[in-house]
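Below, each chain spelled out in residue letters.
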Protein chains: 2
Amino acid sequence: MTEDHWTPPAAMIAVDLVILTLRESRLHVLLIERGVEPFKGTFALPGGFLEHVEEDLTAAAHRELAEEATMDVETLHLEHLGVYGSPRRDPRGRVVSVAYLAIAPRLPDPIAGSDAADARWQRADRVLSGELELAFDHRQIVEDGVERARTKLEYSALATAFCGPTFTITDLQRVYEAVWGIVLDPRNFYRKVQKTDGFIVAANQEHKATSGRPAKLFRAGPRKVLYPPMVRPTETSNTRGEE
Amino acid sequence: MTEDHWTPPAAMIAVDLVILTLRESRLHVLLIERGVEPFKGTFALPGGFLEHVEEDLTAAAHRELAEEATMDVETLHLEHLGVYGSPRRDPRGRVVSVAYLAIAPRLPDPIAGSDAADARWQRADRVLSGELELAFDHRQIVEDGVERARTKLEYSALATAFCGPTFTITDLQRVYEAVWGIVLDPRNFYRKVQKTDGFIVAANQEHKATSGRPAKLFRAGPRKVLYPPMVRPTETSNTRGEE
DNA sequence: ACAATAGTGTCTATTAGACAGTATCAA
DNA sequence: TTGATACTGTCTAATAGACACTATTGT
């Protein structure tokens, strides 16, 4: 903070959101099809400009999400992901974008809002591979968001945020497998999860119906940080080789 | 990114730097005494406004560091720490600050630059405790930076960045002890560090002179990520109770 | 009965934690 | 020889990884 006698050049502040969820055991990211130039017609992250000088950054993020995807996500926890401020990243001028990451439990199908032609869940791997091109530098932001999620699964209870209010241990295992792109041993996974106090708590004597033996249901426990962490296997025995 | 027909309010972009180092086995942070209003005369993090629309954020960070602290830190790696954008955090108007974290190996005593009355290394614990008050929300930024450093010591080779080009294993242990504020067992520390391939490499047959048995010198190895991580003891046996 | 999913038990190898003594220098 | 710092070895408890079987439901 220096220089009080001249006015430094100002920039527009944008917020962008990386919202991740699981659909059919695959990691998906919420994207909107842009309805206005620039990049009209291509997919982009939900987000937008700070609207007035008094608006808080996270407030702007929540507002944009509601506007563009009509998602009622008051409870959605937004975590700061990074700042993207390369001088030429937006053709309209100097835009510094603050990116947030959120994990969505279930899948309230988004509805396109005012400025977005369409809002959809898209497979994260298609974005990361470049198969689906995004506007601005949003592919990079998605990549950073996915990487953050992978890391946070290790030392935090983030995985439960991918699940609904109640879930089975198998559900939880699917989260790890989808985000990490590997296969885990159910026996070791059960043991590890069960003995990590406060990670998950039994949702008393409730069960679930499919075909096969009913499963016990659990809820997210109070513990947010995992000591010792879940360990990501070391680049071997990757059966379902995603990415 | 929406709204193309009106111009959103712009904000000033600032960069702030948390530079950490070790002096006399204690964690220190680089602060400057502000030479201009607001907060003239109080300490603050080095930093300042983006100067022109084409300037990159990290470029601005490096420039400010050179200007305010006259530190020649081309090689200093700046890591994005966070964004601080509360509407009222700066009395001059809407300022969104991008904070960076860096770890400095040795201690080239800083020289006060143009806008800073003074530039000094200050003990981090005095800042965190509130004993030394900082301008703006800089105490919070320092707190976030220190917490980040603590975490990164666990799963990255960051600790070597606190040391000079060569160092002894004891030097490295002092880094962990100072940042974590605990005491470690030298035997277990030696074993752990030695068997983590690529963490440190021997700087061949060089020694050091003090009083006592000479120590072998090492350099930072190629490994940047530590698997398995160094583990921070669990809140017990904290002999030298810092913080 | 069979299919399908849920759940458990054991053995082994590795690792962290606790702990005490030897080695090498200068004075 | 003493003081001061550098280094090393062992035992034990906890944990991860590998692996196969039993349990409970619907059809």
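Here is a short report on the structure shown in this document. Computed from a prediction, not measured in an experiment: that's the story for all the values here.

Reading the values: the criteria
- Residues numbered from 1 in each chain as written.
- Chains lettered and ligands numbered in written order.
- Predicted model: local features only at pLDDT ≥ 70, side-chain atom pairs only at ≥ 80, totals over all residues.
- Heavy atoms only, no water.
- Least-squares fit on C-alpha atoms with pLDDT ≥ 70 in both.
- Contact = heavy atoms within 4.5 Å.
- Near = heavy atom within 4 Å.
- Polar contact = N/O pair within 3.5 Å; in protein donor to acceptor, adjacent residues only side chain to side chain.
- Helix = DSSP H or I, 4+ residues; strand = E, 2+ residues; numbered from the N terminus.
- Buried area = accessible area lost by both parts, 1.4 Å probe.
- Salt bridge = Lys/Arg side-chain N within 4 Å of Asp/Glu carboxyl O.

### Quick word on the relation of the copies chain B and chain A
Both copies of the chain are tied together by a single rotation about an axis and a shift running along it.
Move 1: By a simple turn and slide, chain B fits onto chain A: the slide is 0.0 Å along the axis, the RMSD is 0.1 Å, and the turn is 180°. Those values place the two copies in the arrangement expected of a two-fold rotation axis.
Move 2: Most of the interface of chain B is mirrored in chain A, where 100% of its interface residues are also at the interface.

### So, the protein's contact with DNA strand D
Move 1: In the vicinity of DNA strand D lie 20 residues, with Arg187, Arg191 and Lys192 of chain A together with Arg187 and Lys216 of chain B positioned nearest.
Move 2: Considering the 4 Å shell around the protein, atoms of DNA strand D inside it are sugar or phosphate in 42% of instances.
Move 3: In the model, a base nitrogen of DNA strand D is placed 2.7 Å from a nitrogen or oxygen of the Arg191 of chain A side chain.
Move 4: Elements supplying a minimum of two residues to the surface near DNA strand D: helix 6 (186-195) of chain A together with helix 5 (186-195) of chain B.
Move 5: Ranked by the residues each element gives to the surface near DNA strand D, the list is headed by helix 6 of chain A, at five residues.

### Some details on the interface of chain B and chain A
Move 1: The partner chain A presents 49 residues to the 48 residues of chain B that form the contact.
Move 2: Summing both sides of the interface, chain B and chain A together bury roughly 4,100 Å²; the carbon and sulfur share of this comes to 59%.
Move 3: Where chain B meets chain A, there are two salt bridges.
Move 4: A salt bridge links Arg88 of chain B to Glu54 of chain A; its shortest N-O distance comes to 2.9 Å.

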